[in-house]
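# A look at the structure
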Amino acid sequence: MTATTDPNDPRLTHGPDPADGPYREQAEAYLVLSEDERAKGFVRPVRGSYWHTTCGRVTTMGRVIAETYARDPSFYGGTYCAHCGHHRPVGEHGEFHWVDPAHPERQSPTMDPKVGT
Ligand SMILES: [Zn+2]
């Protein structure tokens, strides 16, 4: 999997948003914010892993995608669960919570913020 800052990159055959349609393959490339945009500052901590409420398993993302979330938490409409094998929604009503690096085993729906918020 790679990251691209070009919205017209032909590898973006599927967007990260479930509204783009149902599919079960991980996208070949993800759209990310440019380095210049990410350098403007993060509004959330950079966190690299999230857990899925449905299966309780953890998925880890690349650094550039993590920084894109930290710069713009609502950039993505959905994300991939490596264990369920499909994309599901993120955000206030989404299905994923960040793994707290200080408490990686906790998996608390009330204490771990939702991905995309
Ligand atoms: Zn899952």
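What comes next is a walk through the structure. Everything numeric in this text was worked out from a predicted model, so none of it was measured.

## Structural notes on the pairing of strand β6 (residues 86–89)
Here 4 bridges tie strand β5 (residues 78–81) to β6, and the two strands are oriented antiparallel to one another. Each bridged residue has a counterpart across the sheet, and for Y80 the counterpart in β6 is H87. Turn length for the β5-β6 hairpin, with the two strands adjacent in sequence and antiparallel, is 4 residues, and the turn residue G85 shows positive phi of about 80°.

## Concerning the pattern of salt bridges
Within the structure shown, the criterion is met by 7 salt bridges. In this structure, R71 engages E37 in a salt bridge whose closest nitrogen and oxygen atoms are separated by 3.2 Å. Of this pair, R71 sits in helix α2 (residues 63–71) while E37 is found in helix α1 (residues 35–38), placing the two residues 34 residues apart along the sequence. Note that R106 and D100 form a salt bridge whose closest N and O atoms lie 3.1 Å from each other. Classification of R106 by relative accessible area gives partly exposed; the value is 27%.

## Re empty space enclosed by the protein
Throughout the structure, instances matching the rule amount to 1 cavity of 30 Å³ or more. Counted as a void, the largest cavity has a volume near 40 Å³. What lines the largest cavity is simply R44, P45, R47, A66, Y69, A70, P73, W98 and T117. In terms of residue count, the dominant contributor to the lining of the largest cavity is α2 (3 residues). Here the residues of the lining of the largest cavity are counted per class, giving 6 nonpolar, 1 polar and 2 charged.

## Re unusual backbone geometry
One non-glycine residue, Q107, lies in the positive phi region at around 50°. Mapped onto the elements of the fold, Q107 is located in the segment after β7 (96–98).

## Quick word on the nonpolar core
Judged by nonpolar contacts, the single largest core of 14 residues is most densely connected at Y50, M61, I65, Y69, F96, W98 and V115. Looking at this core, the elements that each hand over two or more residues are α2, β5 and β7. The element that contributes the greatest number of residues to this core is α2, accounting for 3 residues. Once you skip the residues sitting within four places of it in the chain, V115 turns out to touch Y50, Y69, V90, G91, F96, H97 and W98.

Reading the values: the criteria
- Residues numbered from 1 in each chain as written.
- Predicted model: local features only at pLDDT ≥ 70, side-chain atom pairs only at ≥ 80, totals over all residues.
- Heavy atoms only, no water.
- Pairing = 2+ DSSP bridges.
- Helix = DSSP H or I, 4+ residues; strand = E, 2+ residues; numbered from the N terminus.
- Salt bridge = Lys/Arg side-chain N within 4 Å of Asp/Glu carboxyl O.
- Buried < 20%, exposed > 50% of the residue type's maximum accessible area, 1.4 Å probe, protein only.
- 1 Å grid on protein atoms, 1.4 Å probe; cavity = no way out; pocket = protein on both sides within 12 Å on 5 of 7 lines; lining within 4 Å.
- Points joined across faces, edges and corners; volume = space filled by probe spheres on them.
- Nonpolar A, V, L, I, M, F, W, Y, C, P; charged D, E, K, R; others polar.
- Core = buried A, V, L, I, M, F, W, Y, C linked by side-chain atoms within 4.5 Å.
- Contact = heavy atoms within 4.5 Å.

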